[in-house]
Each structure stands twice: as C-alpha cells, then as structure tokens.
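Commentary on secondary and tertiary structure
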Amino acid sequence: MSKYKAEPLSRNDIRRYVRKLKKSVGLDEMLMFPIIEFLENIIPMIIPDFRLEIVPKGEMGINHGETYPSKNLIRIREDVYERAVDGVPRDRLTIAHEIGHLFLHENDVIALCRMEPGETLKAYEDPEWQANCFGGELLASYNLIRGMSEEEVMKSCNVSAQAAHILVSKL
Ligand SMILES: [Zn+2]
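A short tour of the structure in this document, coming up. (Residues numbered from 1 in each chain as written. Predicted model: local features only at pLDDT ≥ 70, side-chain atom pairs only at ≥ 80, totals over all residues. Heavy atoms only, no water.)

1. Comments concerning the coordination of the zinc ion
Formally: Metal sites are built from N, O and S donor atoms within 2.8 Å, or 3.2 Å for Na, K and Ca, and they leave out water, so they may look incomplete. Each residue is placed in one exposure class: buried if its accessible area under a 1.4 Å probe, protein chains only, is under 20% of its type's maximum, exposed if it is over 50%, and partly exposed if it falls in between.
Within the first shell, the zinc ion binds the protein through H97 (NE2), H101 (NE2) and E128 (OE), at distances of 1.9 to 2.1 Å. Looking at H97, the relative accessible area reads 11%, which means it is buried. Judged by its relative accessible area of 31%, E128 is partly exposed.

2. Some points on the packing of aromatic side chains
For clarity, the threshold we go by: Think of it this way: a Phe, Tyr or Trp ring, Trp meaning its six-membered ring, pairs with another when their centres are within 6.5 Å, and the plane angle makes it stacked under 30 degrees, edge-to-face over 60, tilted otherwise. Numbered from the N terminus, helices here are DSSP runs of H or I no shorter than four residues, and strands are runs of E no shorter than two. In this scheme, Lys NZ or Arg CZ marks a charge over a ring once it lies within 6 Å of the ring centre and within 35 degrees of the ring normal.
Scanning all chains against the criterion turns up three aromatic pairs. When the ring of F103 is compared with that of F134, the centres are 6.3 Å apart and the planes differ by 10°; the resulting orientation is stacked. Here F134 lies in helix α6 (residues 127-139) and F103 lies in helix α5 (residues 89-104), a separation of 31 residues in the sequence. Ring pairs connect the aromatic residues Y17, F103 and F134, which therefore count as one cluster. The ring of Y68 has K71 sitting right over it, with the charged end atom 5.0 Å from the ring centre.

Below, the structure written as structure tokens:
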C-alpha cells in the first residue's frame, strides 16, 4: 500500500478509461497488447513531450520503474525493459503499471495527499492499486477475454498466471 491517496477510481472507471484510450489509437481489438510499441511510438503521439529513459541497473537500484507524471517521464530499468521486449509477462506488466501512473495520475501528482495518521487507504484510492488495475486492463481487454479461462488469457494476452487470475475473477 502506498502512503498517498489518489482521486478514487473503481475498476469499472479504469476499465472504461483504458478501453477509450485503446480505441483512440486503434488497439481495442488486439488481444496481445503491443506494450513496447505503445510505450515507444504511441504515447509520444498522445503526449508530445513524453520522455522515456532506459536506466542502467546500477543507477536505478531496486526500482523496476518510476514515473513522474508532472514531467511526463517514465524511467524503466534496463534489464526490465529488455525482458519486456522479449515478452516476459511480469516485465510487460511493470511497464503497463508505469503507464498507468502516467495517465491516471497526470494531473494528480500534487493532489496526491499524505494520509492522516491512522487513516486507512481504500484500494480504489491507492495509486498503486489503480496503476496495477490499469496495467492489467491495458494488457488484457475485459471485453475480449470474456469467456476465456485463466490459461487462455495467459497465452493470448501474454500475462502472468497471477494477472490472469485477477483479470478472470473480475470479469
Ligand atoms: Zn507504482
């Protein structure tokens, strides 16, 4: 859980947002989401001053990815980026998660507020939950995976077993 609270967004809100986003760039009917193509070629068409930095492992440390929505900047650790290019599901999801922060929290960075002591963060107010939800929906469109088993979702969308489990259980 993050210690910051974001504007509340339900899974349905995020679903609708992601579907609209994918539709606007003609990717709404594609089962296997081209995450690297989206990151490198499509986001710059949507956000002209978007910047992507691939950062050496030694410089980035333990973080796999970081996003600065106010600067339209995503930084991905080099080994994570390379594995995502090779199609490793976990690394594809890391990138999709960072893209979630970029889009969902774009105007929101200052609005993210520190929690009062003892306040419990609801999942839908947690920017990390929101970015995970966005990432899952980006990689696997709910309208295309309806009726599929977890195994089928894993194979056709190239997501991890864990992601497929969550996605199928929320259909
Ligand atoms: Zn995050």
